[in-house]
Amino acid sequence: MTLLKASNLSKVFGGLRAVSNFDVEINDGELIGLIGPNGAGKTTAFNLLTGVYEPTDGEITFDGKSVVGLKPYQITQRGIARTFQNIRLFSNLSVLDNVKIAYHFHVKYGLAESVLRVGRYHNEEKEIEEKATRFLEIFKLADKKDEIAKNLPYGEQRRLEIARALAAQPKLLLLDEPAAGMNPQETHQLMEMIRWIRKEFNLTILLIEHDMSLVMNVCERIYVLDYGSIIAHGVPQEIKNNPKVIEAYLGEEVH
Ligand SMILES: Nc1ncnc2c1ncn2[C@@H]1O[C@H](COP(=O)(O)OP(=O)(O)OP(=O)(O)O)[C@@H](O)[C@H]1O
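Residues numbered from 1 in each chain as written. Predicted model: local features only at pLDDT ≥ 70, side-chain atom pairs only at ≥ 80, totals over all residues. Heavy atoms only, no water.

- Going by what an unreviewed UniProt entry lists, the protein chain is known as Branched-chain amino acid transport system ATP-binding protein and is assigned to Propionispora hippei DSM 15287.

A word on the pattern of salt bridges
Piece 1. Following the criterion strictly, the structure yields 10 salt bridges and no others.
Piece 2. Its salt-bridge partner being Lys171, residue Asp63 comes within 2.4 Å of it at the nearest N-O pair. Of this pair, Asp63 sits in the loop between strand 4 (57-62) and strand 5 (65-66) while Lys171 sits in the loop between helix 6 (154-167) and strand 7 (172-176), and the two are 108 residues apart along the sequence.
Piece 3. Taking the relative accessible area as the measure of exposure, Asp63 reaches 32% and is therefore partly exposed.
Piece 4. Glu220 is paired through a salt bridge with Arg198; the nearest N and O atoms lie 2.9 Å apart. With a gap of 22 residues between them, Glu220 in the loop between helix 8 (212-218) and strand 9 (221-226) and Arg198 in helix 7 (residues 184-200) connect regions that are remote in the sequence. (Salt bridge = Lys/Arg side-chain N within 4 Å of Asp/Glu carboxyl O. Helix = DSSP H or I, 4+ residues; strand = E, 2+ residues; numbered from the N terminus. Buried < 20%, exposed > 50% of the residue type's maximum accessible area, 1.4 Å probe, protein only.)

A closer look at the packing of aromatic side chains
Piece 1. As enumerated under the stated definition, the model contains two aromatic pairs in all.
Piece 2. Note on Phe13 and Tyr53: the rings are 5.2 Å apart at their centroids and 75 degrees apart in plane angle, and the pair reads as edge-to-face. Of the two residues, Phe13 sits in strand 1 (residues 2-13) while Tyr53 sits in the loop between helix 1 (42-49) and strand 4, which places them 40 residues apart along the sequence.
Piece 3. Residue placement shows Arg88 over the ring face of Phe84; its charged tip is 4.0 Å from the ring centre. (Phe/Tyr/Trp six-rings, centres within 6.5 Å; stacked < 30°, edge-to-face > 60°. Lys NZ or Arg CZ within 6 Å of the ring centre and 35° of its normal.)

Points about the packing of helix 6 against helix 7
Piece 1. Between helix 6 and helix 7, the shortest axis-to-axis distance is 11 Å and the interhelical angle comes to 10 degrees. Between helix 6 and helix 7, the angle falls in the class roughly parallel. Listed contacts from helix 7 to Gly155, Arg159, Ile162 and Leu166 of helix 6 are Glu186, Leu190, Met193 and Ile197.
Piece 2. Here the residues of the contact of helix 6 with helix 7 are counted per class, giving five nonpolar, one polar and two charged. (Axes fitted to C-alpha atoms, helices over the stretch in contact; angles between N-to-C directions. Parallel < 35°, antiparallel > 145°, perpendicular 65-115°, else oblique. Contact = heavy atoms within 4.5 Å. Nonpolar A, V, L, I, M, F, W, Y, C, P; charged D, E, K, R; others polar.)

Okay, structure coming up:
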């Protein structure tokens, strides 16, 4: 079943067509890569899918309904969560609080109860703390739960951002360069985590990544953007051998 469909999506900044006639269709449960040279429009595409920008043209449907014109938080509530190329954490809050915050989107207690700290508030806070801790365990951050987020090493901040995105309980997770700044060992571990969380949480994942070995190993299908347009899509083997892709990456190694 189709979960996300973008049709004929375009975004123009001034005279620049950053994304042009972008078409992608992602089925429930797939793990898809979005690649392309620097400046190809990948992050702009993510920003369109998550309501950061409104498209100049085109349609986006998620779970069968249009999400064009919704605010980012409304899109998160519909079930799309993301991470950012430049990590965006609540840098002065603890690791645990960063994940707990994402849960508050889903918690049902009213303001009066939370002020008075009665009723459901206590039980739900406890449940949130347990769930948040579980995500931290998955991402090997449980022993750092009380540290201030900005004091974590870079690779751990990236993992924390993914843990926080997952805590919003999305159906679709968009990862913008999750392995950026990681060493090969961290990248390998991340790859395993991505595979595992997809299965464990029945997730659909779309990821932007420059690390070709990660993309080729982990993704089932890949879309290639160049100058704002999709120039190829297919399974990793097809993408590796596609002359248009090789040309777009001329000077960069695809292996
Ligand atoms: N808010 C904006 N205003 C004007 N131009 C923009 C804006 N955002 C992106 N662009 C331009 O749109 C084009 C696509 O940028 P984008 O960041 O989407 O590419 P990218 O594929 O994510 O690149 P990278 O791999 O370097 O992150 C670039 O030419 C960029 O300068």
